Amino acid sequence: MSGTSEGPRASAGTAPGAPAAPVTERHTTAPAENGPARTDSTRTDSTRTDSDRTDSDRTDSVRTGPAGGDPGAAASELRDYRAAFNAATLPMGVVDGRGHVVRANEALGGLLGTPAAALAGRQACELLDLAGDDRTWHAYREVLLGRRSRFRCTRRLKHPDGRSLWAEITVVPMTGASAAESARVLLTVADVSDRRELQERLRHLQMHDPVTRLPNRTLFFERLASALETPPYQDDSLPPRQHARIGLCYLDLDGFKAINDTLGHRTGDRLLAAVAARLTDCAENDASRNAGGNRLVARLGGDEFAILVEDSAGTQELTDLARSVLAALQQPFDLAGQRLSVSASIGVVERTAAGTSPTGLMQAADTTLYWAKADGRARWTLFDPERNAHRMTRQSLSSTLRPAVERGEFTLEYQPLVGMADGVLRGVEALVRWNHPQFGVLPPNRFVQIAEEDGSIVQLGRWVLRTACRQARRWQLDHPDEPPLFISVNVAVRQVWDSDLVADVAQILAETELAPGLLQLELTESAVMGSGGRPLRALQALSDMGVRIAIDDFGTGYSNLAYLSRLPVSVLKLDGAFVKGFRYEDGTHPSPADETIVEAMVQLAHRLGLTVTAECVETAGQAERLRRIGCDTGQGWLYSRAVAPEQIAGLIGSRPLEG
């Protein structure tokens, strides 16, 4: 099939042995049936080139080897090759170095809907769309120029009858040509439409959820990455609508697990399919209202769905879409005779596509979805950069809290607890501070809750307890002639559950030689009032040891007075919200209800044998009123803010702390 050369051959009239003139190609025509074989004369003119002959004059030459070869056998072999080429069911063609079709078989003509003879001389790249893109065209030219050994591509071709087909095209150089012949390549075309269709069907199954028929997580992220990698071009001369933006509604069904668990997975799957249909309707309606990019509704897994809006019109479009989704899902679902109701929490993110990564967009959407659930569910929440910055700060604190304890970044300050009757310093409350290397000095409300959530409160609480007891003992030794101060330390309920608090307290008291009666442990009302089992036994053991137990912020939690009769409580600390109702000096009208409530609680506590501490005492008027009601001790800025231990040492034995 390839153009080859037999080498120089003597022409008629040339003496044997004389040097033959150079030739560029030899033409051999097969003998006609029942007739003599015909051999075309071969030019000896050295100036005749391949371009001087037409393609119809040419045949593929066959190398006959050295002198003495059989020309008849070579001609027969050539006829066999040509017959095989024409009879082959695989579409094939021979293309010269300039890209023109030299010869095509009937199969190629049938594939392209053109007689094979009519293809000769036409550009192969035009017939098979090989110039459709730069990469394919370059690879094809490299084979024609002999710089590449093989090339294969898949193209979608248009048949003259209007149908489309997928073809796999292979181009390889033909061997056996002499140096004098122009290079040729063999081109084969295989119809792979059926295989392509099967691949597309398999890909569809791979990329779609079998329950809802929606795109699955894999296809969603593929589309998301594509949308962010190739956004529409930005031109400042165009209105903002044309600038590349992207939006995402990330939603989770509220209460779906309960439906799945109680009614079964079959009902759950039906519900998911019905939800998918409503989400698709919402996305299509949004597309009809807002001309722009595509909308993709996908199921990401479980009861999580996403609606991706490419080239969004702005935040308003996404929030309108979220509202329509909530409204659609609030309508009951009738499934196989059962009426079900669900709601959804939706995180909404809308931003410019430039500088946005798939990971960053999904993190923002996931965070916003969490906010929607935390805010009460059955709602949508828009991504808030400031709120997210606070979350990131919280996450940073959480990741560095445990090492901070080991690095000694925490310190204690102490706020005086003063006798209401005489203004004498009776004790102090230890308040922890975090000297953060990045955020500065942080008060307890910035990190204690984080410590409770991740469990580091046990380690931190043990350090606070040991440091506070050691400091109380030091004050006692430094002022032997003064009544010793008691130290009050806050304890989280998780410390009671996750550690042996009783053993920790006993060990620390032994190490510091502090009397148990000088230690007061404060727990919040919500923690103490729900105590039972192990926490209650721990509190009782501490009380039996001589440690005082105080309920902090009393009056704002459960306020279940029945617990006071069975809990080993020694002190009630009234929440500052009640004390604020006693203000006179700033022109605020005092609250008679607050005074009545405080007076009743003080009387009740005293009848139960408990002492009462009033928090947030800021004015002398408040202090006077609380003193008349009968509060035992007070704490607040009237007396002192939380200060360093050296300043507390200066207050021991001094005049009464009265504002």
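Here the structure is a predicted model, which is why all the values come from computation and not from measurement. (Residues numbered from 1 in each chain as written. Predicted model: local features only at pLDDT ≥ 70, side-chain atom pairs only at ≥ 80, totals over all residues. Heavy atoms only, no water.)

1. So, the confidence of the model for the protein chain
It should be kept in mind that the predicted coordinates are not to be read in detail where pLDDT is low. With 82% of its residues at a pLDDT of 70 or more, the protein chain has an overall mean of 83. Taken element by element, the predicted model of the protein chain shows its lowest mean pLDDT in helix H16 (residues 525-529) (66) and its highest in strand S16 (residues 486-490) (97). Confidence drops under pLDDT 50 across residues 231-242; counting only partners more than four residues distant or on other chains, this segment forms 16 contacts. (pLDDT = per-residue confidence, 0-100. Helix = DSSP H or I, 4+ residues; strand = E, 2+ residues; numbered from the N terminus. Contact = heavy atoms within 4.5 Å.)

2. A few points about the sheet that holds strand S5 (residues 184-191)
Pairing is antiparallel in the open sheet, where five strands are placed in the order S2-S1-S5-S4-S3. With partners counted over all chains shown, the strands left at the sheet margins are strand S2 (101-104) and strand S3 (151-158), one partner each. Each strand axis lies, on average, 25 degrees off the axis of its neighbour in the sheet, ignoring direction. With seven bridges joining them, strand S4 (residues 164-173) and S5 adopt antiparallel strand pairing. Note on S5: the bridge partner recorded for Glu168 is Ala190. Against the sheet, helix H5 (residues 193-207) contacts S3, S4 and S5, and its axis sits at roughly 115 degrees relative to S4. (Pairing = 2+ DSSP bridges. Axes fitted to C-alpha atoms, helices over the stretch in contact; angles between N-to-C directions.)

3. With respect to the pairing of strand S14 (residues 425-436)
Of all the 12 residues making up S14, 10 are buried; the element is thus mostly covered by neighbouring parts of the structure. Direction of pairing for strand S13 (residues 410-419) relative to S14: antiparallel, over a ladder of nine bridges. Considered in S14, the bridge of Leu412 is made with Val432. Between the antiparallel neighbours S13 and S14 lie five residues, among them Gly423 with a positive phi of about 75 degrees. Across four bridges, S14 lies against S16 in parallel orientation. (Buried < 20%, exposed > 50% of the residue type's maximum accessible area, 1.4 Å probe, protein only.)

4. Re the pattern of salt bridges
With the rule as written, the count across this model stands at 34 salt bridges. The closest approach of N and O atoms between Arg245 and Glu350, which form a salt bridge, is 2.7 Å. With Arg245 in strand S6 (residues 245-254) and Glu350 in strand S11 (residues 343-352), this pair connects stretches of sequence that are 105 residues apart. Notably, a salt bridge pairs Arg628 with Glu624, separated by 3.5 Å at the nearest N-O pair. Taken together, the positions of Arg628 and Glu624, both in helix H21 (residues 620-629) and four residues apart, correspond to about one turn of that helix. Overlapping salt bridges, with partners in common, bring together Asp252, Asp254, Lys373 and Arg377 in one network. (Salt bridge = Lys/Arg side-chain N within 4 Å of Asp/Glu carboxyl O.)

5. Comments concerning the packing of aromatic side chains
Taken as a whole, this structure holds seven aromatic pairs when the rule is applied. Relative to Trp475, the ring of Tyr414 lies with its centre 5.1 Å away and its plane at 75 degrees, an arrangement referred to as edge-to-face. One end of the pair, Tyr414, is in strand S13; the other, Trp475, is in helix H13 (residues 457-478), and 61 residues separate them in sequence. Summarising the burial analysis for this pair, Tyr414 and Trp475 share the class buried. Arg196 extends its terminal NZ or CZ atom over the ring of Trp166, reaching a point 3.8 Å from the ring centre. (Phe/Tyr/Trp six-rings, centres within 6.5 Å; stacked < 30°, edge-to-face > 60°. Lys NZ or Arg CZ within 6 Å of the ring centre and 35° of its normal.)

6. Considering unusual backbone geometry
You will see that Arg377, though not glycine, has its phi angle at about 65 degrees, which is positive. Mapped onto the fold, Arg377 is located in the loop between helix H10 (358-374) and strand S12 (380-382). Within the chain, Asp553 stands out as a residue other than glycine whose phi angle is a positive 55 degrees. When its relative accessible area of 26% is taken as the criterion, Asp553 is described as partly exposed.

7. Details of the sheet that holds S6
Taking strand neighbours across the sheet as the criterion, the five strands line up as S7-S8-S6-S11-S12 in an open arrangement whose pairing is mixed. In this open sheet, the two edge strands, each paired with only one partner strand, are strand S7 (295-301) and S12. Going from strand to strand, the sheet's axes swing by 20 degrees on average, the running direction of each strand aside. Examined bridge by bridge, S6 and strand S8 (residues 304-310) share seven bridges and lie antiparallel to one another. Each bridged residue has a counterpart across the sheet, and for Tyr250 the counterpart in S8 is Ala306.

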